[in-house]
Amino acid sequence: MGTLVEEILTRRVGRPVAAGEMLIVDVDFMMSHDNTTPLAIGAFEAIGKPIRHPERVVFHFDHAYPAPNIQAAANQKLIRDFARAQGIRNLFAQGICHQVMFEEGFVAPGRVIMGADSHTNTYGAFGCLAAGFGSSELGVSWVSGRTWLRVPETIRVELTGELPFGVYAKDVMLEVAATLGMGGATYMAVEFGGPFIDALPMPDRIIFANMSTELGAKCGLLAADATTERFLEQHTKAEGPFARLAPVDPDYARVVHLDVSALTPRVACHPRVDTVRPLTELEGMPIDQVFIGTCTNGRFEDMVLAASILRGKQVDPYTRTIVTPASRAVHDRMIREGLVEVFHAAGAVVTGTGCGACIGRHGGVLAPGEKAFTTMNRNFVGRMGSAEAEIYLGSPAAAAATALAGHVADPRPLLAALAAAAAAAAAAPAVLDPEAVR
Amino acid sequence: MSRTWRFGDDVNTDEIIPGRYNLTIDPTELAQHAFCEVRPEFPQQVAPGDVLLGGRNFGCGSSREHAPIALKGTGIRCVVAESFARIFFRNAVNVGLAIMICPDAASIPDDAELSVDFEAGVIRDERTGVEYRAEPMPAFVRAIIAAEGIVPFLREHDLDELL
């Protein structure tokens, strides 16, 4: 009996638990990356005991990989040497940690996953409890294989309606951020559900769990269903049978209802995720760099959407357009299905996978005074490089339309033209018969 | 005689310990700069056994562990607040700083002489006998705090002992 997070933890500890209780729980996987692992190693070594379950420790190289400078290289050498010495075999350098975690099968409903990264919340899209922890805390958990936590209260976000043409899940999440505010769910779980979520494919559902971090939430959760299981079976290495956990007579701290039917494209304005405005109010604002990628919107479906808008057109010559796939698997599929060619032909650069421009260290750093339009999840001051640069957040479609125009642009007219062309092509006979034409 | 120190809502980690002092993790050294910008008399006057009273979202802002370490270095007995920012809450337990979640923290008088029962979750003003309810601190949290943090705790023990 309880909210989804209470159900997950009840199953984990084998007795009913309720919000506010403090628990010690077994952890399935402990994730860290090239930025956070060195600190975790420091805390681990201060204890001076062995790693209890080396098979549960997962290291990723994604924040600055391949290493762009000597310091990053030295950190990564430290991690590899440590992994070798400790018998840690889960080393990945094939994409953004949060994408690779589910691709490689570490994520499944009902699991408990700790990560030394704030967007560890992402895996909650698959009905598991995944939360970000401090780096040193993660190193501590290697010793015990467990962690302590306080069962969080839950805010339910109930989403209904169908999206209007040219409006996407990202726009909905930005509207949720505007409604709850940054810090609006501090230390709480945010449970996303309702008919809108039920009908949503997995790649779009991931956005909601991912950006629950921006609300201050400990975790963001979506109950697993047939859509979740099909995705896990077809697109990840996870093996069933999968736990089916759902809220049972839940007692929510707060319930927020949002009907998406009348929503328009949204933009989160610099420097807060919750200063959200209709995109049309910002139309015409010059943009120096468009960035399509990240753990929020760097998946294959995002790339298909952006490429459909850019296909056969040219991005504005004064605007840099950077496309960074969320993983090597996404990149491979983009190559196979011709998307890389589409982006290149349009004048965009497709980089190797990784966190890239999103952390302002390489792969698209901003200069003072520049403005970026991105598909990222946060837009703090200095996030992409210069503290005097500005960052705006929107959907991949809005980003692609903006890349073509060189200023913030509404994707809907372009999408409408594409839809009309597709309809005309479908209506026209496949091969024109000269007799019939005459 | 111990005293209380009252702070408002949303006390952030930059106020607790400004970033420029985060070059060390030595508790005594950090304690010399605790609240030095917003309450300059605090580092000089705070005494072991004092109690900090906060409002909502105490310890918000960056995830720096230096903030609870600095407060621990002052020797205060406990931070009592209506609520804590998530990472501060975790960091406090892990570095061994006692904290109590007390919805009525705002009604505790400034001149109270407080005693704290962590196990029962009771804060008592010894002058008047008035008691304030707080969330009880579970045995494992008390054990971690008694060991002065989770790293020293794990050196000697195992989390399994607390299950």
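Procedures and definitions
Residues numbered from 1 in each chain as written. Chains lettered and ligands numbered in written order. Predicted model: local features only at pLDDT ≥ 70, side-chain atom pairs only at ≥ 80, totals over all residues. Heavy atoms only, no water. Salt bridge = Lys/Arg side-chain N within 4 Å of Asp/Glu carboxyl O. Helix = DSSP H or I, 4+ residues; strand = E, 2+ residues; numbered from the N terminus. Buried < 20%, exposed > 50% of the residue type's maximum accessible area, 1.4 Å probe, protein only. Contact = heavy atoms within 4.5 Å. Buried area = accessible area lost by both parts, 1.4 Å probe. Polar contact = N/O pair within 3.5 Å; in protein donor to acceptor, adjacent residues only side chain to side chain. Nonpolar A, V, L, I, M, F, W, Y, C, P; charged D, E, K, R; others polar. Pairing = 2+ DSSP bridges. Axes fitted to C-alpha atoms, helices over the stretch in contact; angles between N-to-C directions. Parallel < 35°, antiparallel > 145°, perpendicular 65-115°, else oblique. Phe/Tyr/Trp six-rings, centres within 6.5 Å; stacked < 30°, edge-to-face > 60°. Lys NZ or Arg CZ within 6 Å of the ring centre and 35° of its normal.

Engineer: Give me the lowdown on the pattern of salt bridges, citing residues and values where you can.
Structural biologist: All chains considered together, the criterion is met by 35 salt bridges over all chains. Residue Arg56 of chain A is joined to Asp26 of chain A by a salt bridge in which the shortest nitrogen-to-oxygen separation is 3.3 Å. Of this pair, Arg56 of chain A sits in the loop between α2 (37-47) and β3 (57-60) while Asp26 of chain A sits in strand β1 (residues 22-26), placing them 30 residues apart in sequence. Exposure remark for Arg56 of chain A: the relative accessible area of 16% places this residue in the buried category. One salt bridge connects Glu126 of chain B with Arg124 of chain B, and the closest N-O pair in it is separated by 3.4 Å. Under the relative-accessibility criterion, Arg124 of chain B is labelled partly exposed at 29%. Several salt bridges share partner residues, and in doing so they unite Asp26, Arg52, Arg56 and Arg146 of chain A together with Asp158 and Asp160 of chain B into one network.

Engineer: Explain the interface of chain B and chain A to me, using residue names and the numbers behind them.
Structural biologist: Opposite the 25 residues of chain B that make contact, chain A presents 23 residues. Summed over both sides, the interface of chain B with chain A buries roughly 2,200 Å², with 59% coming from carbon and sulfur. We note a salt bridge from Arg52 of chain A to Asp160 of chain B, for which the minimum N-O separation is 2.7 Å. Counting the contacts that link chain B with chain A gives 14 residue pairs in polar contact (both at pLDDT 80 or more). Elements that contribute at least two residues to the side of chain B that touches chain A include exactly α5 (86-95), α6 (139-146) and α7 (150-156) of chain B. Partitioning the side of chain B that touches chain A into residue classes produces 14 nonpolar, three polar and eight charged.

Engineer: Kindly report on the side chain of Thr319 of chain A, identifying the contributing residues and their values.
Structural biologist: Residues and elements named next belong to chain A. One can find Thr319 in the loop between α11 (300-310) and β15 (320-323). Within polar-contact distance, the side chain of Thr319 engages the backbone oxygen of Ile287 at 2.9 Å. Setting aside chain neighbours within four positions, we find Thr319 in contact with Ile287, Asp288, Gln289, Val290 and Gly406.

Engineer: Explain the sheet that holds strand β5 (residues 114-117) of chain B to me, and be specific about the residues and the numbers.
Structural biologist: Residue and element names in this part refer to chain B. Here three strands make up an open sheet; going across it, the order is β5-β6-β7 and the pairing antiparallel. Only two strands of the sheet have a single partner each, and these edge strands are β5 and β7 (131-133). In this sheet, neighbouring strand axes are inclined to one another by 20° on average, regardless of whether the strands run parallel or antiparallel.

Engineer: For the packing of helix α8 (residues 202-211) of chain A against helix α9 (residues 226-235) of chain A, give the residues involved together with the corresponding values.
Structural biologist: All names here are of chain A. Viewed as axis vectors pointing N to C, α8 and α9 meet at an angle of 105°, and their least axial separation amounts to 10 Å. Taken together, the axes of α8 and α9 are roughly perpendicular relative to one another. Contact residues: Met202, Pro203 and Arg205 in α8; Thr227, Thr228 and Phe231 in α9. A per-class count over the contact of α8 with α9 returns three nonpolar, two polar and one charged.

Engineer: Can you lay out the packing of aromatic side chains for me, pointing to particular residues and giving the numbers?
Structural biologist: Evaluation of the coordinates by the stated rule reveals 24 aromatic pairs over all chains. Between Phe29 of chain A and Phe106 of chain A, the aromatic rings sit 4.9 Å apart at their centres with planes inclined by 75°, giving edge-to-face as the arrangement. Here Phe29 of chain A is found in strand β2 (residues 29-33), whereas its partner Phe106 of chain A is found in the loop between α4 (97-103) and β5 (112-115), with 77 residues between them in sequence. Like Phe106 of chain A, Phe29 of chain A is buried. Between Phe102 of chain A and Phe126 of chain A, the ring centres sit 5.1 Å apart and the planes meet at 40°, which makes this aromatic pair tilted. Here Phe126 of chain A lies in the loop between β5 and β6 (129-132) and Phe102 of chain A lies in helix α4, a separation of 24 residues in the sequence. Judged by relative accessible area, which is 1%, Phe102 of chain A ranks as buried. Residue Phe126 of chain A is classed as buried on the basis of its relative accessible area of 0%. Ring pairing ties together the aromatic residues Trp148 and Tyr187 of chain A together with Phe58, Phe84, Phe88, Phe89 and Phe140 of chain B, which thus form one cluster. Seen from the ring of Phe133 of chain A, Arg86 of chain B lies directly overhead, with NZ or CZ sitting 5.5 Å from the centre. The residue whose ring lies beneath Arg90 of chain B is Trp148 of chain A, and the NZ or CZ to ring-centre distance is 4.2 Å.

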